[in-house]
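Descriptive analysis of the structure
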Amino acid sequence: EELARGLDRQAALRRRRVGEILLERSRLAPEALRASLEIAQRRRARIGDVLVEAGLVRPEDVEAALAEQRQQRGRRIGELLVEMGVVSEESLARTLADKFHLPFIDLDDCLIDPEAVRAVPRAILEKHRILPIEVDEREITVAIADPLDMEPIDLLRFHRRGRVREVVASPSQITRYIAGLFSEGASSEGGAEVASLL
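Residues numbered from 1 in each chain as written. Predicted model: local features only at pLDDT ≥ 70, side-chain atom pairs only at ≥ 80, totals over all residues. Heavy atoms only, no water.

1. Section: the side chain of Thr141
Here Thr141 shows up in strand E2 (residues 139–144). When its relative accessible area of 2% is taken as the criterion, Thr141 is described as buried. Excluding anything up to four places from it in sequence, Thr141 contacts Leu131, Pro132, Ile133, Glu134, Arg165 and Val167. (Helix = DSSP H or I, 4+ residues; strand = E, 2+ residues; numbered from the N terminus. Buried < 20%, exposed > 50% of the residue type's maximum accessible area, 1.4 Å probe, protein only. Contact = heavy atoms within 4.5 Å.)

2. Looking at the environment of Phe182
Relative to the helices and strands, Phe182 is located in the loop between helix H11 (171–181) and helix H12 (191–197). In this structure, the C-alpha to C-alpha distance between Phe182 and Arg122, residues 60 residues apart in sequence, is 8.6 Å.

3. A closer look at the nonpolar core
Judged by nonpolar contacts, the single largest core of 42 residues is most densely connected at Leu107, Leu131 and Ala143. Every residue in contact with Leu107, bar those within four places of it in the chain, is listed here: Leu131, Ile133, Ala143, Ala169, Gln173, Ile174 and Tyr177. (Core = buried A, V, L, I, M, F, W, Y, C linked by side-chain atoms within 4.5 Å.)

4. Looking at the sheet that holds strand E3 (residues 163–168)
Across the sheet, 3 strands lie side by side as E1-E2-E3; this open sheet has mixed pairing. Each edge of the open sheet carries a strand with a single partner, namely strand E1 (131–135) and E3. Taking the axes of each pair of neighbouring strands and ignoring which way they run, one obtains an average angle of 30° across the sheet. Here E1 runs beside E2; their pairing, made up of 4 bridges, is antiparallel. When the sheet's bridge partners are listed, Val135 is paired in E2 with Ile140. Each of E1, E2 and E3 touches helix H10 (residues 151–160); the most contacted strand, E3, lies at about 150° to it. (Pairing = 2+ DSSP bridges. Axes fitted to C-alpha atoms, helices over the stretch in contact; angles between N-to-C directions.)

5. Here's the deal with the layout of surface pockets
For the largest pocket, the calculated volume is near 620 Å³. Around the largest pocket sit 26 residues that line it, and Arg76, Glu79, Ala145, Asp146 and Pro171 are the ones nearest its centre. Elements represented by at least two residues in the lining of the largest pocket include exactly helix H6 (77–83), helix H7 (89–99), helix H9 (122–128), H10 and H11. Residue classes in the lining of the largest pocket are distributed as 13 nonpolar, 5 polar and 8 charged. (1 Å grid on protein atoms, 1.4 Å probe; cavity = no way out; pocket = protein on both sides within 12 Å on 5 of 7 lines; lining within 4 Å. Points joined across faces, edges and corners; volume = space filled by probe spheres on them. Nonpolar A, V, L, I, M, F, W, Y, C, P; charged D, E, K, R; others polar.)

6. Notes on the pairing of E3
Sheet analysis places E2 next to E3, joined by 6 bridges and oriented parallel. When the sheet's bridge partners are listed, Val142 is paired in E3 with Glu166. Taken together, E2, H10 and E3 constitute a β-α-β crossover, and its handedness is right-handed. (Right-handed = clockwise from strand over helix to strand, strands pointing away.)

7. A short note on the environment of Ile174
Looking at the element boundaries, Ile174 is found in helix H11. Residues Ile174 and Leu107 lie 67 residues apart in sequence; the distance between their C-alpha atoms is 7.7 Å. Setting aside anything within four residues of it in sequence, one finds Ile174 in contact with Leu107, Arg129, Ile130, Leu131, Ala143, Ile144, Ala145 and Ala169.

Structure (structure tokens):
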């Protein structure tokens, strides 16, 4: 009888989600669970599906971009769709921001904290095209162009060992600001130059 009760309990637990159990045992805050689920959803999402679902592009546009991507290895689908004139850069960025509940910002309207820029290695900024805009002892806020690219966020979490808050900005703005940061004489270590430039 005890074995039967144990097997029934085991079967009941298998039907439950891990998140529910952790919430029940107070090992996980509801906000942390929600954030983890959103990140998992982003890791599985495909940009073509997101844009078709939003009514921004047609399936045949995505197929054409995929065919072009096979010719030009390393290019992103979103970038190709913009290049093909199917969608504007800002519409693409705003749609991705809305889909994943992230704020969309215009970098020209932001004050960028030089401390935030210095808090991230130059190699990460240039390779992944992300722009730190604000930092405090608890978290760093970075502007990203592609919420589906989780690699730079994972790198930042590892590097900073803290929270990373993401906001979405258009790729051309991020590229322009990063180019300005590291133009002649500016360096990630050169605080005065970076502060002056910003």
